[in-house]
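One-letter residues, chain by chain:
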Amino acid sequence: MRVIATPLLFWADGMTVAPTLVVVHPRVRGDAGLMAHEAVHARQMREVGLLRFWWWYFTCPAFRLWSEIEAYRVSLLFQPSAARHFARVIADGYLLPVSAHTAERLLRAATGKAPELATAKAPGGAAAGHART
Ligand SMILES: [Zn+2]
């Protein structure tokens, strides 16, 4: 995976553009948790296809929520005390119709035990909330 650090990425710490290309802000270059988060998105892109990923990410809040909850669960492994912070970021930073409380509940839910994710379906019938790899 190629990683490019640039201050032009002013709206986020990192962004997975494609499965093999991640852009990060220089202030977080080398952040293992961020790279693990972006690696989840890279895998998601490989699983659903790059164009499909971006189409669904921008047009389907349920897909965006699923992809970020899955990625932030991995972030949480690196920063176990940051669940509240990540929940606030998810609730406020991704134009999602979820409260920070709900986002935190989804983050903390064991995979397969979160009714909202277990029953949510990503477009195309892929089950949202499937086991994280
Ligand atoms: Zn993300």
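Residues numbered from 1 in each chain as written. Predicted model: local features only at pLDDT ≥ 70, side-chain atom pairs only at ≥ 80, totals over all residues.

Student: Can you tell me about the environment of Val23, naming the residues and giving the values?
Tutor: Tracing the backbone through its elements, the reader meets Val23 in strand β3 (residues 21–24). Counting along the chain gives 17 residues from Val23 to Thr6, while the straight-line C-alpha distance between them is 7.1 Å. With near-sequence residues (within four places) excluded, Val23 lies in contact with Ile4, Thr6, Leu9, Gly14, Met15 and Val17. (Helix = DSSP H or I, 4+ residues; strand = E, 2+ residues; numbered from the N terminus. Contact = placed C-beta atoms within 7 Å.)

Student: Go over the sheet that holds strand β1 (residues 2–5), please, and point to the residues and values.
Tutor: In spatial order, the strands read β1-β3-β2; together these three strands make up an open sheet with mixed pairing. Where the open sheet ends on each side, the last strands, each with one partner, are β1 and β2 (14–18). Averaged over all neighbouring strand pairs, the angle between strand axes comes to 25 degrees, with direction disregarded. The sheet contacts of helix α1 (residues 32–48) involve β2 and β3, and relative to β2 the element is tilted by about 25 degrees. (Pairing = 2+ DSSP bridges. Axes fitted to C-alpha atoms, helices over the stretch in contact; angles between N-to-C directions.)

Student: Any details on the pairing of β3? Residues and values, ideally.
Tutor: Two faces belong to every sheet, and in a regular strand the side chains alternate between them. Every second residue of β3 is oriented toward a common face, the buried set being Val22 and Val24 and the non-buried set Leu21 and Val23. As paired strands, β1 and β3 are joined by four bridges and run parallel to one another. Paired with Arg2 across the two strands is Leu21, which belongs to β3. Sheet topology places β2 next to β3; four bridges connect them, and they run antiparallel. Opposite Ala18, over in β3, you have Leu21 as the bridge partner. Counting the residues that bridge the hairpin from β2 to β3 gives two residues. (Buried ≥ 20, exposed ≤ 12 C-beta atoms within 10 Å, placed from the backbone.)

Student: Give me the lowdown on the confidence of the model for the protein chain, citing residues and values where you can.
Tutor: On average, the protein chain scores 87 in pLDDT, and the residues at 70 or more come to 83%. Confidence, read as mean pLDDT per element, is least for helix α6 (residues 115–119) in the protein chain (47) and greatest for helix α2 (residues 50–59) (98). Counting interchain partners and residues more than four positions distant, the pLDDT-below-50 stretch residues 113–122 has 22 contacts. Ignoring residues within four places in sequence, the model shows residues 124–133, a span with pLDDT below 50, making 21 contacts including any to other chains. (pLDDT = per-residue confidence, 0-100.)

Student: Can you explain the packing of helix α4 (residues 83–93) against helix α5 (residues 100–108)? Please cite residues and give values.
Tutor: Following both chains from N to C, one finds α4 and α5 inclined at 125 degrees, their axes separated by 8 Å at the closest point. Viewed along their axes, α4 and α5 adopt a mutual orientation that is oblique. Where α4 crosses over α5, the two elements pack in a sense that is right-handed. Listed contacts from α5 to Ala83, Arg84, Phe86, Ala87, Arg88, Ile90 and Ala91 of α4 are Ala100, Ala103, Glu104, Leu107 and Arg108. (Parallel < 35°, antiparallel > 145°, perpendicular 65-115°, else oblique. Left-handed = near helix turned anticlockwise from the far one by under 90°.)

Student: Describe the nonpolar core, and please don't skip the residues or the numbers.
Tutor: The nonpolar side chains of a soluble globular protein tend to be buried, and buried together. By size, the foremost hydrophobic cluster in this structure holds 19 residues, and its most contacted members are Ile69, Tyr72, Phe86, Ala87, Ile90, Ala103 and Leu107. Those elements that provide at least two residues to this core are α1, α2, α3 (61–78), α4 and α5. Tallying contributions element by element places α3 first for this core, with six residues. Viewed by domain, this core spans two of them, domain 1 (1–59) and domain 2 (60–120), each represented by three or more residues. Excluding residues within four positions of it along the chain, Ala103 makes contact with Ala87, Ile90, Ala91 and Val98. (Core = buried A, V, L, I, M, F, W, Y, C linked by C-beta atoms within 7 Å. Domains from an automatic or database assignment.)

Student: Got a sec to walk through unusual backbone geometry? Specific residues and values, please.
Tutor: Residues other than glycine seldom take positive phi values, yet Leu95 does so here, at roughly 50 degrees. Relative to the elements of secondary structure, Leu95 occurs in the loop between α4 and α5.

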